[in-house]
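Results of the structural survey
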Amino acid sequence: MQELIRRRRRAGFVGRREELRAFRENFDLPVDDDRHRFLFHVHGPAGVGKAQVVVTRGSALRSRMRRLKSCRRDPG
């Protein structure tokens, strides 16, 4: 069972394309744009992957924020 879990984790995150696209595109909007959202409500029945969506997007967002911060520090 643990090997199955490891294989699935290595396979990457699948599904929820529309939700992930909306989340990703939101961060391309300026914060003063009325379409920009500061809060996302993730809901659904148990076992459908809500936590994985949050973890996956949170990790991607942290990575993006680190890149943005490093670009701002670069004087060139």
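Residues numbered from 1 in each chain as written. Predicted model: local features only at pLDDT ≥ 70, side-chain atom pairs only at ≥ 80, totals over all residues. Heavy atoms only, no water.

Quick look at the pattern of salt bridges
Applying the stated criterion to the full structure yields 3 salt bridges. Arg21 serves as the salt-bridge partner of Glu25, at 2.7 Å between the closest nitrogen and oxygen. In this pair, Glu25 and Arg21 both sit in helix H2 (residues 17-26), 4 residues apart, roughly one turn of the helix. The exposure class of Glu25 is partly exposed, given its relative accessible area of 38%. Two residues, Asp33 and Arg35, come together in a salt bridge whose shortest N-O distance is 2.7 Å. Relative accessible area serves as the criterion here: at 56%, Arg35 is assigned to the exposed category. Linked by salt bridges that have partners in common, Glu18, Arg21 and Glu25 make up one network. (Salt bridge = Lys/Arg side-chain N within 4 Å of Asp/Glu carboxyl O. Helix = DSSP H or I, 4+ residues; strand = E, 2+ residues; numbered from the N terminus. Buried < 20%, exposed > 50% of the residue type's maximum accessible area, 1.4 Å probe, protein only.)

Section: the side chain of His36
Topologically, His36 is positioned in the loop between H2 and helix H3 (50-73). Of the residues examined, His36 reaches a relative accessible area of 7% and is grouped as buried. A polar side-chain atom of His36 sits 3.3 Å from the main-chain carbonyl oxygen of Leu29. Leaving out residues up to four positions away in the same chain, His36 has contacts with Asn26, Phe27, Leu29, Pro30 and Val31. (Polar contact = N/O pair within 3.5 Å; in protein donor to acceptor, adjacent residues only side chain to side chain. Contact = heavy atoms within 4.5 Å.)

Describing H2
Side chains three or four residues apart in an α-helix point the same way, a direct result of the helix having 3.6 residues per turn. The complete set of buried residues in H2 reads Leu20, Phe23 and Asn26. Here the buried residues of H2 occupy an arc of 125° about the axis, which is enough to place them on one side. H2 presents Arg17 and Glu18 as exposed residues on the side facing more than 90 degrees away from its buried surface. (Arc of directions from axis to C-beta.)

So, a nonpolar patch on the surface
On the surface, a cluster of nonpolar side chains totalling about 400 Å² of accessible area is made up of Val31, Phe38 and Leu39. Mapped onto the elements, Leu39 comes out in the loop between H2 and H3. (Patch = residues over 30% accessible without salt bridge, like charges linked within 9 Å, V, L, I, M, F, W, Y side chains within 5 Å. Areas by Shrake-Rupley, 256 points an atom, 1.4 Å probe, with all protein chains shown as cover.)

Topic: the confidence of the model for the protein chain
Averaged over all residues, the pLDDT of the protein chain is 77; the fraction at 70 or higher stands at 86%. Highest mean pLDDT in the protein chain belongs to H2 (81); lowest belongs to H3 (75). (pLDDT = per-residue confidence, 0-100.)

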